[in-house]
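Overview (structure and organization)
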Amino acid sequence: MNDVVVGQDGLARCGWGASSPDYLEYHDTEWGRPVRDDNGLYERMTLEAFQSGLSWITILRKRPSFRTAFAGFEIEKVAAFGEPDVDRLLADAGIVRNRAKIEAAIANARAAAELPGGIAALLWSFAPTGPRPRPADFTAVPAVTSESKAMAKELKRRGFRFVGPTTAYALMQATGMVNDHVRGCFVEL
């Protein structure tokens, strides 16, 4: 895959963003744009955790079903889920049916509901400050950073699950805490 690809629309974008219509839409309208609301960040955290070990396209295509299954990712609603909900989710072919990830999503909603300032304030406190150059190519994009390690450590300390440093960094990329659109990509954040 090339680092930057010019699409049929004449726009240069990150190569992965041109690899399928689903990725094109996600890349062009969502990935890397700041998400600052609690439920939006909880959704992205949950989806990044479900993606672990799978292709992101799988999660992206199942996202409408995930939203339905997880009550629109409203933290308070998911925090109230019980064992019948776990059973319901395990039977839902529209989502990834992994008990550990489902239970983690519920536990994470409960942990998020307990945060005094909300999950957005906590997560954004780990965003790098100051100017950071866009990566020249994908070899310059890290999988883990000191900030993502610190975020994962703090989240685990607060009872969150499935939030290791790699997942934390993917969350930072997806929600605009870092801008990893490569140089030459038309997306300017």
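Every chain's residues receive numbers from 1 upward, in the order its sequence appears when written. The predicted nature of this model means local features are confined to residues of pLDDT at least 70 and side-chain atom pairs, given and counted, to a pLDDT of 80 or more, with totals for whole chains, interfaces and linings taken over all residues. Remark: hydrogens and water are excluded; side-chain values derive from all non-hydrogen atoms of the structure.

A few words now on the packing of helix α2 (residues 38–51) against helix α9 (residues 165–174). Every axis in this analysis is a line fitted to C-alpha atoms, fitted for helices over the stretch in contact. Angles between the N-to-C directions lie between 0 and 180 degrees. Counting from the N terminus, the helices are DSSP H or I runs at least four residues long and the strands are E runs at least two residues long. Following both chains from N to C, one finds α2 and α9 inclined at 135°, their axes separated by 9 Å at the closest point. Compared by their axis directions, α2 and α9 come out oblique. In the packing of α2 onto α9, the handedness of the crossing is right-handed. In this structure, α2 contributes Leu41, Arg44, Met45, Glu48 and Ala49 to the contact, and α9 contributes Thr167, Ala170, Leu171 and Ala174. Roughly parallel here means an angle under 35 degrees, roughly antiparallel means over 145, roughly perpendicular means 65 to 115, and every remaining angle is called oblique. Rotating anticlockwise by less than a right angle from the far helix to the near helix defines a left-handed crossing, while the corresponding clockwise rotation defines a right-handed one. Two residues form a contact once any of their heavy atoms are found within 4.5 Å.

This paragraph deals with unusual backbone geometry. Residue Ala71 is not a glycine yet carries a positive backbone phi of 50°. Summarising the element assignment, Ala71 is placed in the loop between α3 (56–69) and α4 (75–79). Burial classes follow relative accessibility: with a 1.4 Å probe on protein chains only, a residue under 20% of its type's maximum area counts as buried, one over 50% as exposed, and anything between as partly exposed. Ala71 sits in the partly exposed class, given a relative accessible area of 23%. Its identity as a non-glycine residue notwithstanding, Phe73 has a phi of 60°, on the positive side. Following the sequence through the fold, Phe73 ends up in the loop between α3 and α4.

With that settled, consider the nonpolar core. Counting 56 residues, the largest nonpolar core has Phe66, Phe70, Ile119, Leu123, Met151 and Phe160 as the members making the most contacts within it. Ignoring anything within four residues of it in the chain, the contact list for Phe160 reads Met45, Asn108, Ala111, Ala112, Leu115, Ile119 and Leu155. The set of buried Ala, Val, Leu, Ile, Met, Phe, Trp, Tyr and Cys residues whose side-chain atoms join them within 4.5 Å is what this entry labels a nonpolar core.

We now examine α9. Quick reminder: α-helices carry 3.6 residues per turn. Residues three or four places apart thus point the same way. By the criterion of burial, α9 is predominantly enclosed, with eight of the ten residues buried. Listed in full, the buried residues belonging to α9 are Thr167, Ala168, Tyr169, Ala170, Leu171, Met172, Gln173 and Ala174. Elements that come into contact with the buried residues of α9 comprise α1 (21–29), α2, α7 (119–124) and α8 (146–157).

Grid points spaced at 1 Å over the protein atoms alone were grouped into cavities, where a 1.4 Å probe fits but cannot get out, and pockets, open sets with protein on both sides within 12 Å along at least five of seven lines, with lining residues defined by an atom within 4 Å of a point. Grid points are joined across faces, edges and corners, and a volume is the space filled by probe spheres set on the points. Put simply, the largest pocket is a space of about 510 Å³. Looking at the largest pocket, it is lined by 20 residues, and the ones nearest its centre are Trp31, Glu48, Gln51, Ala170 and Gln173. Those elements that place two or more of their residues in the lining of the largest pocket are α1, α2 and α9. Take the lining of the largest pocket: its biggest share by element is six residues, from α9. The computed volume of the second largest pocket comes to approximately 250 Å³. What lines the second largest pocket is a set of 13 residues, among which Arg132, Gly176, Met177, Val178 and Asn179 lie closest to the centre. In this classification, Asp, Glu, Lys and Arg are treated as charged, Ala, Val, Leu, Ile, Met, Phe, Trp, Tyr, Cys and Pro as nonpolar, and every other residue, Gly included, as polar. Here the lining of the second largest pocket is built from residues that sort into six nonpolar, four polar and three charged.

Our next topic: the pattern of salt bridges. A pairing counts as a salt bridge when a side-chain nitrogen of Lys or Arg comes within 4 Å of a carboxyl oxygen of Asp or Glu. Overall, the coordinates contain 15 salt bridges when judged by the stated rule. Among the ionic pairs, Arg63 bridges to Glu30, the shortest N-O distance being 2.7 Å. Of this pair, Arg63 sits in helix α3 while Glu30 sits in the loop between α1 and α2, and the two are 33 residues apart along the sequence. We classify Arg63 as buried; its relative accessible area is 11%. Residue Glu30 is classed as buried on the basis of its relative accessible area of 15%. Close ionic contact of Glu188 with Arg134 constitutes a salt bridge, the shortest N to O distance being 3.2 Å. On the criterion of sequence distance, the pair formed by Glu188 in the segment after α9 and Arg134 in the loop between α7 and α8 is long-range, its members being 54 residues apart. Given the relative accessible area of 16%, Arg134 is considered buried. Each of Glu30, Glu43, Arg44, Arg63 and Arg67 takes part in one network of salt bridges that share partners.

With that settled, consider the packing of aromatic side chains. Note on ring pairs: Phe, Tyr and Trp rings are taken, using the six-membered ring of Trp, and paired if centres are within 6.5 Å. Classes follow the plane angle, with under 30 degrees stacked, over 60 edge-to-face and the rest tilted. Enumeration over the complete set of coordinates arrives at ten aromatic pairs. Taken together through their ring pairs, the aromatic side chains of Tyr42, Phe50, Phe66, Phe70, Phe73 and Phe81 make up a single cluster. Above the plane of the ring of Trp124 lies Arg36, whose end atom (NZ or CZ) is 3.7 Å from the centre. Our definition puts a charge over a ring when NZ of Lys or CZ of Arg is within 6 Å of the ring centre and also within 35 degrees of the ring normal. If you follow Arg88 out to its NZ or CZ, it ends over the ring of Phe81, 5.2 Å from the centre.

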